[in-house]
Amino acid sequence: MKIVITKNYEELSKVAANEMADVVKSNPSAILGLATGGSPIGMYKELIRMNEAGEIDFSKVTTVNLDEYVGLSGEHSQSYRYFMNDNLFNHINIDKNNTYVPNGLAEDVESECKNYDNKIAELGGTDIQLLGIGNNGHIAFNEPDENLVSGTHLTSLTQDTIEANARFFDSIDEVPKTALTMGLGGIMKSKKIIVIASGESKAEAVKAINYKGDFMLNEIFLLKCGFEKQDIAHILNIDEKNFEYVQQGRLKGNTVFSNFYWEISGLLMTVNSEYFQ
């Protein structure tokens with residue numbers, strides 16, 4: 001397991017960007033799994049800087065995104081296709097034909113989900129997958145639940161998620177109530193995973209993932225999805241005092257660490273230290 005402790009969001013973003021860049025440098029045709037939201041914006045800015053400085057080349061890279069709101073076109077300013085174009089793709093030398101985001105306007109949702117999974121499989125799966133953590137612990141739009149879906153699927157958003165995302169819309173009534181999301185089974189097929197979290201609103205979710213078996217990454221979830229992981233990375237941005245607290249979080253007990261993360265080679269998690277005092 002690999003834990004990187006960073007002191008602030010800027011350092012978090014650079015650590016995450018370097019992890020992503022290393023994959024591309026070792027494989028110029030890498031398949032990158034990308035995410036949206038506030039947490040990865042700094043990482044994307046750093047990747048743009050690296051690309052402009054000639055440190056990384058995206059010309060042969062392919063990307064797949066985790067999710068998309070149902071009912072929003074790619075031109076809508078709050079769609080995740082728009083987000084990716086605005087925060088990354090428009091600023092790097094990537095072929096947009098090789099960037100994939102679920103189609104939120106698909107007439108046949110079931111076929112769209114199957115086709116998305118098939119496309120990822122056709123690509124050979126992702127070489128690295130970026131994940132954030134929702135305020136309530138959701139990964140992509142997989143909300144905390146005892147019944148979780150392995151493949152890409154239509155999901156209803158919880159009220160917590162709708163309220164958290166309302167800040168991006170003119171009113172909470174405009175926030176879509178459903179989305180297409182990769183399932184956790186598909187996500188965990190990635191060869192490597194980076195999980196990042198930053199901000200006071202994510203503090204409880206991160207603590208719960210570390211210490212409770214009833215949150216998002218729990219034993220029931222792992223069994224249902226049948227994960228077979230080679231390498232997982234979390235970036236954890238906490239201070240020295242709280243790092244000791246994480247280390248003592250019943251890692252040898254009946255927790256997600258003993259049942260899952262300790263069995264793989266990498267764990268890299270980032271959370272902003274100022275929120276864990």
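It should be emphasised that the depicted structure is a prediction, and the values quoted were computed from it without experimental measurement.

Student: Quick question: what am I supposed to make of the overall build of the protein chain here?
Tutor: Across its full length, the protein chain carries 10 helices and 10 strands. Partitioning the contacts of the protein chain with sequence separation of at least 6, the portion at a separation of at least 24 is 80%. Accessible area of the protein chain: about 12400 Å², with a carbon and sulfur share of 46%.

Student: What's the story with the sheet that holds strand β7 (residues 178-181) in this structure? I'm lost.
Tutor: Two modes of strand pairing occur in sheets, parallel and antiparallel, and in both the strands are linked by backbone hydrogen bonds. Strand order in this open sheet of 3 strands is β3-β7-β6, and the pairing throughout is antiparallel. In the strand order of this sheet, the two ends are held by β3 (67-69) and β6 (153-156), each with one partner. In this sheet, adjacent strand axes meet at a mean angle of 30° when their direction is disregarded. Note: β3 against β7, 3 bridges, orientation antiparallel. Looking at the pairing, Glu-68 lines up with Leu-180 of β7.

Student: Can you help me understand the environment of Phe-141 in this one?
Tutor: Structurally, Phe-141 can be placed in the loop between β5 (128-132) and β6. Along the backbone, Phe-141 and Asp-67 are 74 residues apart, and their C-alpha atoms lie at a distance of 6.9 Å. In this view, Phe-141 contacts Asp-67, Tyr-69, Tyr-80, Thr-155, Leu-157, Thr-161, Asn-165, Ala-179 and Thr-181; residues no more than four positions away in its chain are not counted.

Student: Can you help me understand the side chain of Asp-127 in this one?
Tutor: Tracing the sequence through the fold places Asp-127 in the loop between α4 (109-123) and β5. The exposure class of Asp-127 is buried, given its relative accessible area of 15%. With residues up to four places along the chain from it excluded, the contact list for Asp-127 reads Val-23, Asn-27, Ala-30, Ile-31, Ser-190, Lys-191 and Lys-192.

Student: What am I meant to see in the packing of aromatic side chains here?
Tutor: Here a ring pair, both rings aromatic, is described through the centre-centre distance and the interplanar angle of the planes. Counted by the stated rule, this structure contains 4 aromatic pairs. Between Tyr-69 and Tyr-80 the ring centres are 4.9 Å apart and the planes differ by 35°, which places this aromatic pair in the tilted class. One end of the pair, Tyr-69, is in strand β3; the other, Tyr-80, is in helix α3 (residues 80-87), and 11 residues separate them in sequence. Of the two residues, Tyr-69 and Tyr-80, neither departs from the other in class, the shared state being buried. Relative to Phe-141, the ring of Tyr-69 has its centre 5.7 Å away and its plane inclined at 45°; by these criteria the two rings are tilted. Linking Tyr-69 in strand β3 with Phe-141 in the loop between β5 and β6, this pair joins segments that are 72 residues apart in sequence. The buried category is assigned to Phe-141, whose relative accessible area is 2%.

Student: Honestly, the confidence of the model for the protein chain in this entry has me stumped. Any pointers?
Tutor: The predicted coordinates of low-pLDDT regions are not to be read in fine detail. Per-residue pLDDT for the protein chain has a mean of 77; in total, 69% of the residues score no lower than 70. Low confidence marks residues 211-277, where pLDDT is under 50. Its contacts with residues over four positions away, or in another chain, come to 192 contacts.

Student: What is the right way to read the packing of helix α2 (residues 41-52) against α3 from this model?
Tutor: Each pair of packed helices gets described by two things: the angle between the helix axes and the distance between those axes. Contact geometry of α2 with α3 gives a least axis separation of 10 Å together with a crossing angle of 40°. The orientation of α2 with respect to α3, classified from their angle, is oblique. Across from Ile-41, Tyr-44 and Ile-48 in α2, the residues of α3 making contact are Phe-83, Met-84 and Asn-87. Here the residues of the contact of α2 with α3 are counted per class, giving 5 nonpolar, 1 polar and no charged.

Student: Quick question: what am I supposed to make of the environment of Lys-60 here?
Tutor: Examined against the element boundaries, Lys-60 turns out to sit in the loop between α2 and β2 (62-65). For Lys-60, a relative accessible area of 55% translates into the label exposed. Between the C-alpha atoms of Lys-60 and Ala-30, which are 30 residues apart in sequence, the distance is 7.6 Å. If we skip the residues at most four places from it in the chain, Lys-60 touches Pro-28 and Ser-29.

Student: Help me out: how do you make sense of the pattern of salt bridges in this one?
Tutor: Pairing between side chains of opposite charge can happen when their charged atoms approach one another. If you walk through the whole model with that rule in mind, you get 7 salt bridges. Between Glu-10 and Lys-14 there is a salt bridge, and its shortest N-O distance comes to 3.5 Å. Here the residue Glu-10 and the residue Lys-14 both occupy positions in helix α1 (residues 9-26), the gap between them amounting to 4 residues, near one helical turn. Between Asp-127 and Lys-191 there is a salt bridge; the shortest N-O distance is 3.4 Å.

Student: Quick question: what am I supposed to make of α4 here?
Tutor: Since there are 3.6 residues in each turn of an α-helix, residues three or four apart along the chain are aligned in direction. Between its first and last C-alpha atoms α4 spans 21 Å; for 15 residues at 1.5 Å apiece the expected length is 21 Å, and the two agree. Looking at α4, one finds that the buried residues are Glu-112, Cys-113, Tyr-116 and Ile-120. The buried residues of α4 occupy an angular sector of 100° when the element is viewed end-on, so they sit on one face. Projecting away from the buried face of α4 at angles above 90 degrees are the exposed residues Glu-110, Ala-121 and Glu-122. Its side-chain oxygen placed 3.3 Å from the backbone nitrogen of Glu-110, Asp-108 serves as the N-cap of α4. Positioned one or two residues after α4, Gly-124 has a phi angle of 95°, which is positive.

Quick notes on the rules
- Residues numbered from 1 in each chain as written.
- Predicted model: local features only at pLDDT ≥ 70, side-chain atom pairs only at ≥ 80, totals over all residues.
- Heavy atoms only, no water.
- Helix = DSSP H or I, 4+ residues; strand = E, 2+ residues; numbered from the N terminus.
- Contact = heavy atoms within 4.5 Å.
- Areas by Shrake-Rupley, 256 points an atom, 1.4 Å probe, with all protein chains shown as cover.
- Pairing = 2+ DSSP bridges.
- Axes fitted to C-alpha atoms, helices over the stretch in contact; angles between N-to-C directions.
- Buried < 20%, exposed > 50% of the residue type's maximum accessible area, 1.4 Å probe, protein only.
- Phe/Tyr/Trp six-rings, centres within 6.5 Å; stacked < 30°, edge-to-face > 60°.
- pLDDT = per-residue confidence, 0-100.
- Parallel < 35°, antiparallel > 145°, perpendicular 65-115°, else oblique.
- Nonpolar A, V, L, I, M, F, W, Y, C, P; charged D, E, K, R; others polar.
- Salt bridge = Lys/Arg side-chain N within 4 Å of Asp/Glu carboxyl O.
- Expected span 1.5 Å × (residues − 1).
- Arc of directions from axis to C-beta.
- Polar contact = N/O pair within 3.5 Å; in protein donor to acceptor, adjacent residues only side chain to side chain.

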